[in-house]
Amino acid sequence: MTQQNFHKYFTLYFILFGIAISSFGAIISYMFQINEIDKRMDKGAKEVFEIKANSILKPSIKNMDNIVEALAKNKTILEFIATRNPNKQEELEQIFLAVTSSQNTIMQARVICNDGKELIRIDRKKENDEPFIVAKENFQDKSNRDYFQIVSKMKEPTLWHSKMDLNIENGKVEIPYRPTLRIAMPLFENGQFIGMVIVNLLTNNLFASIGTSSAFEHFIIDKDKNYIMHPNSQYSFNKYKGIKRELKDDFPDGLKGNGVYSYPIRNILQNDDDAMMILKTKNKFEEELIHEKLKTALIVLLLTIILSFIIAMIISKVPIKLQKALLKAHDKLNDFGSIIDKYIISATTKKDSTIINVSSAFVDVSGYTKEELIGEKMSMIRDPQADKLIFQDLWKTILDGKTWAGEMKNKRKDGKKYWLEQNIIPTLDQNNTIESFVSLGVDITAKKELERLASIDKLTGIYNRRMIDEFIKIEVEVHKRHSYGLSVIMVDIDHFKLVNDTYGHQIGDLVLSQTVELIVQNSRKSDICGRYGGEEFILICPQTTTESAMILAEKIRLAVKNFTFEQVGHKTISLGICTFEDGDDVESLIKKADMALYKAKETGRDKLVVFEA
């Protein structure tokens, strides 16, 4: 065989071998990618459900449960039902109106007597409308409604959830349709049922937030296979609209079919619907994924064939060209390294945390130059207020040769704070001894800011009710273990309704904000301040005796009384103080502070009252 023929056959065989290997590899790759699509859809469906159920649906229902429970436990309701005092009625109406105003998903909030007749009723037409007090002459008899029949027979003051249905007024389904969930709690006096608190929750926006995603169609069905939610709103609540819709119309292969994912939500709704959320993969989305994978496989096959031909020509003709290709690949790797340097926040340190190298991304996020960083300790970027326990855990982990992962609050050169989600990895020498540490981080400052905003009351800038509930649970547990002392101060702006009625809600909001500023300015760093609802605020005072709490409360009272509010002039506040005692828990502590506040308001306002058993 001549050298020329050898060259031809070698080139031909190499190309054919490359085509065969490429084809086989492309087929196997495509099969794996198709299988990966199924796994991706399974994982995606679970993630979507977790977001919809645990981040949207569950908190919304829990929030409403808390509101209903708080209303039902307000002693003004029992006093009003017993006495039918007009003043108590007006006070109760204002409480219900304030709660409804704070939650635009509440369509209706009522107190119903044990005979089924409405005693208090707050209505809202649409979710963005202002709520209003319904006049007595428009009250209805609800004794024949199923929810009254059920709740009136309950033996304990526990929460009850209705089925998800359409709102009914005067015995007819209201049009336009208003999807509704009712949450109720019975009221008892000496063990006897005397009435109930019931709140109707508008679910239009709730359904809108849990009913869409780019990859799946969303359904909710009840135990009888009726649709509560359907991508085509025509079929949502089909049972109540009198529209027949079989499950097989949407799921020909049943709920176990490919691309269909079912998740029970009975533990969230806790009603007789025994509901289930179903996610169905959108055909278009799945087709796009498959088309994308097929297209990728074909491109890889084509590129590999072309590459095989080129490599064959290079190997059979000019081996040195292979070296050039390798050098070119090396340049690409260098480019990739540049990308990593630009976008990955990384640093390498000695065992004593002395910085020996940092990426450009690290320089950008810290605000220091590379020259300022190298040779310094990593502590130069640490936030002085960061939790020391984190650093103890970090050093213990990495000195044991393990990788540490966690969140770290740092400080830029200009003093601004930022958060990194970090992995710190020990590197070992040939003797398996730690040589240095490599830190890889992701900037999560924006995420942390979102978490902060979720815990803050939008109007006043202090903690909201949800966060206050969490803080007081923690402080109660700390006090039980260490007996450091714990006091709570409830604050209420006197005659605040008059401000809104006289000057409007914009001035009312200004009074709320300025009052909060005065409370914060005159409280201590250790005190935790939050908005408890409407014009009512709470101060959690750790390691504080009754006497210290009284001094603090009086200081705040005088600060507010001496302050001149825009247009309004001078305002006063009433304060109720309670100190934790043996046998107390979170609920009793709040209740006692509230009772003290109520006494302060009942006995003239502009004063502080300490709870006395």
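The structure we're discussing is the one just above.
For every chain, the first residue of the written sequence is number 1, and numbering continues from 1 along that sequence. Note on the predicted model: pLDDT of at least 70 is required for a residue's local features to be given, and 80 or more for side-chain atom pairs to be given and counted; whole-chain, interface and lining totals, by contrast, use all residues. Hydrogen atoms and water are omitted, and side-chain values are computed over all heavy atoms in the structure.

### Digging into the pattern of salt bridges
Between Lys or Arg on one side and Asp or Glu on the other, a salt bridge is scored when a side-chain nitrogen of the former is within 4 Å of a carboxyl oxygen of the latter. Counted under the stated rule, the structure contains 27 salt bridges. Taking the shortest distance from any N to any O, the salt bridge between arginine 121 and aspartate 123 comes out at 3.0 Å. The exposure class of arginine 121 is buried, given its relative accessible area of 4%. Accessibility expressed as a relative area gives 10% for aspartate 123, which makes it buried. Its salt-bridge partner being lysine 396, residue aspartate 400 comes within 3.8 Å of it at the nearest N-O pair. Burial classes follow relative accessibility: with a 1.4 Å probe on protein chains only, a residue under 20% of its type's maximum area counts as buried, one over 50% as exposed, and anything between as partly exposed. The class of lysine 396 is exposed, set by a relative accessible area of 57%. In the salt-bridge network here, residues are joined through shared partners; they are Arg110, Glu118, Arg121 and Asp123.

### Digging into the pairing of strand 8 (residues 179–189)
Secondary structure elements are taken from DSSP: a helix is a run of H or I of four residues or more, a strand is a run of E of two residues or more, and numbering for both begins at the N terminus. The element strand 8 is largely enclosed, with a buried count of 10 among its 11 residues. Criterion used throughout: strands pair if DSSP finds at least two bridges between them. Bridge count between strand 4 (residues 160–161) and strand 8: two bridges; the pairing is antiparallel. Following the sheet pairing, tryptophan 160 is matched in strand 8 by alanine 184. Bridging between strand 5 (residues 165–166) and strand 8 involves two bridges; their strand directions are antiparallel. Across the sheet, the residue bridging to leucine 166 is proline 179, located in strand 8. Pairing analysis gives 10 bridges linking strand 8 to strand 9 (residues 192–202), with the strands arranged antiparallel. Bridging across to strand 9, glutamate 189 finds its partner in glutamine 192. A loop of two residues connects strand 8 with strand 9, the two strands running antiparallel in sequence, and asparagine 190 in this loop sits at a positive phi of about 55°.

### Structural notes on the nonpolar core
In these notes, a set of buried Ala, Val, Leu, Ile, Met, Phe, Trp, Tyr and Cys residues joined through side-chain atoms within 4.5 Å is what counts as a nonpolar core. Counting 54 residues, the largest nonpolar core has Phe96, Val111, Val197 and Leu279 as the members making the most contacts within it. A total of 13 residues in this core trace back to one element, the largest contributor, which is helix 1 (residues 3–72). Note on contacts: a residue pair qualifies if any of its non-hydrogen atoms lie within 4.5 Å across the two residues. Contact partners of leucine 279, with chain neighbours within four places excluded, come to Ala45, Val48, Phe49, Phe216, Glu217, His218, Gly259, Val260, Tyr261 and Tyr263. Ile493, Ala549, Leu552 and Ile573 belong to the second largest nonpolar core, which has 27 residues in total.

### Let's talk about the pairing of strand 2 (residues 118–123)
Of all six residues in strand 2, six are buried, a share of seventy percent or more. In the sheet, strand 1 (residues 106–113) pairs with strand 2 via five bridges, with the strands oriented antiparallel. Note on strand 2: the bridge partner recorded for isoleucine 112 is glutamate 118. Pairing geometry for strand 2 and strand 3 (residues 132–133), over two bridges, is antiparallel. The partner of isoleucine 122 across the bridge, within strand 3, is isoleucine 133.

### Considerations on the sheet that holds strand 15 (residues 355–358)
Strand pairing within a sheet occurs via backbone hydrogen bonds; the two strands may be parallel or antiparallel. As summarised here, the arrangement of the five strands in space is 15-14-18-17-16, forming an open sheet in which the pairing is antiparallel. The sheet terminates laterally at strand 15 and strand 16 (404–411), the two strands that pair on one side only. Across the sheet, the mean angle separating the axes of adjacent strands is 30° when strand polarity is ignored. For strand 14 (residues 345–349) and strand 15, the ladder comprises three bridges, and the chain directions are antiparallel. Across the sheet, residue threonine 348 finds its bridge partner in strand 15, namely asparagine 357. Against the sheet, helix 12 (residues 388–399) touches strand 16, strand 17 (417–428) and strand 18 (434–443), its axis set at about 135° to strand 16. A fitted line through C-alpha atoms serves as each axis, taken over the contacting stretch for helices, and the angle formed by two N-to-C directions is quoted from 0 to 180°.

### Digging into the environment of valine 520
Residue position: valine 520 is located in helix 16 (residues 505–521). The class for valine 520 is partly exposed, based on a relative accessible area of 41%. Sequence separation between valine 520 and isoleucine 462 is 58 residues; the distance between their C-alpha atoms is 8.9 Å. With near-sequence residues (within four places) excluded, valine 520 lies in contact with Ile462 and Cys529.

### Re the side chain of serine 359
You can see serine 359 is positioned in the loop between strand 15 and helix 10 (360–366). Once you skip the residues sitting within four places of it in the chain, serine 359 turns out to touch Asp341, Ile344, Ile345 and Ser346.

### What about the packing of aromatic side chains?
Here is the rule: rings of Phe, Tyr and Trp (six-membered ring for Trp) pair when centre to centre is within 6.5 Å. Planes less than 30 degrees apart are stacked, more than 60 are edge-to-face, and the remainder are tilted. For the structure shown, the criterion picks out 11 aromatic pairs. For the pair phenylalanine 188 and phenylalanine 193, a centre-to-centre distance of 6.3 Å together with 70° between the ring planes defines the contact as edge-to-face. By relative accessible area, which is 18% here, phenylalanine 188 ends up buried. Members of the aromatic cluster, connected to one another through ring pairs, are Phe148, Phe188 and Phe193. Positioned over the ring face of tyrosine 235 is arginine 245, at 4.2 Å from the centre of the ring. Here, a charge over a ring is recorded when the distance from Lys NZ or Arg CZ to the ring centre is within 6 Å and its angle to the ring normal is within 35 degrees. Here the guanidinium or amino end of lysine 280 rests over the ring plane of phenylalanine 251, the centre of that ring lying 5.4 Å away.

### Observations regarding helix 3 (residues 86–102)
For a helix, the expected span equals 1.5 Å multiplied by the number of residues minus one. Compared with the 24 Å implied by 1.5 Å per residue over 17 residues, the 24 Å span of helix 3 between its first and last C-alpha is a close match. For this analysis, a polar contact is any N or O atom pair within 3.5 Å, provided that within protein one partner can donate a hydrogen and the other can accept it, and provided that sequence-adjacent residues contribute only side-chain to side-chain pairs. Capping the start of helix 3 is the job of one residue whose side-chain oxygen sits 2.7 Å from the backbone nitrogen of asparagine 87: asparagine 85.

### Some thoughts on the sheet that holds strand 12 (residues 260–264)
Sheet architecture is open: four strands sit in the order 11-10-13-12, paired in antiparallel fashion. Of all strands in the sheet, those bounded by a partner on one side alone are strand 11 (227–229) and strand 12. Taking the axes of each pair of neighbouring strands and ignoring which way they run, one obtains an average angle of 30° across the sheet. Here five bridges tie strand 12 to strand 13 (residues 276–281), and the two strands are oriented antiparallel to one another. Within the sheet, the bridge partner assigned to serine 262 lies in strand 13 and is isoleucine 278.

### Overview of the environment of leucine 202
In this structure, leucine 202 sits in strand 9. Taking C-alpha positions, leucine 202 is 8.6 Å from glutamine 108, a pair spaced 94 residues apart along the chain. Once residues lying within four places of it in the same chain are set aside, the contact partners of leucine 202 are Thr105, Met107, Lys126, Glu127, Arg178 and Pro179.

### A word on the packing of helix 2 (residues 75–83) against helix 3
Where helix 2 meets helix 3, the closest approach of the two axes is 9 Å, and the angle between their N-to-C directions is 145°. Read as a crossing pair, helix 2 and helix 3 show a hand that is left-handed. Side by side, helix 2 and helix 3 meet where Thr76, Ile77, Glu79 and Phe80 of the first sit next to Lys88, Gln89, Glu91, Leu92, Ile95 and Phe96 of the second. By residue class, the composition of the contact of helix 2 with helix 3 is five nonpolar, two polar and three charged. When the near helix sits turned anticlockwise from the far one by under a right angle, the crossing is termed left-handed; a clockwise turn instead gives a right-handed crossing. As a working rule, the residues Ala, Val, Leu, Ile, Met, Phe, Trp, Tyr, Cys and Pro are called nonpolar, Asp, Glu, Lys and Arg charged, and the rest polar, with Gly in that last group.

### Here we look at helix 12
With 12 residues, helix 12 should cover 16 Å at 1.5 Å per step; its first-to-last C-alpha distance of 17 Å lies within 8% of that length. Among all positions in helix 12, only Phe391, Leu394, Thr397 and Ile398 are buried. For helix 12, the angular spread of the buried residues around the axis is 130°, confining them to a single face. Among the exposed residues of helix 12, those oriented more than 90 degrees off its buried face are Lys388, Leu389, Gln392 and Lys396. At the C-terminal side of helix 12, glycine 401 shows a positive phi close to 80°. In this context, the arc is that of the directions from the helix axis out to the C-beta atoms.

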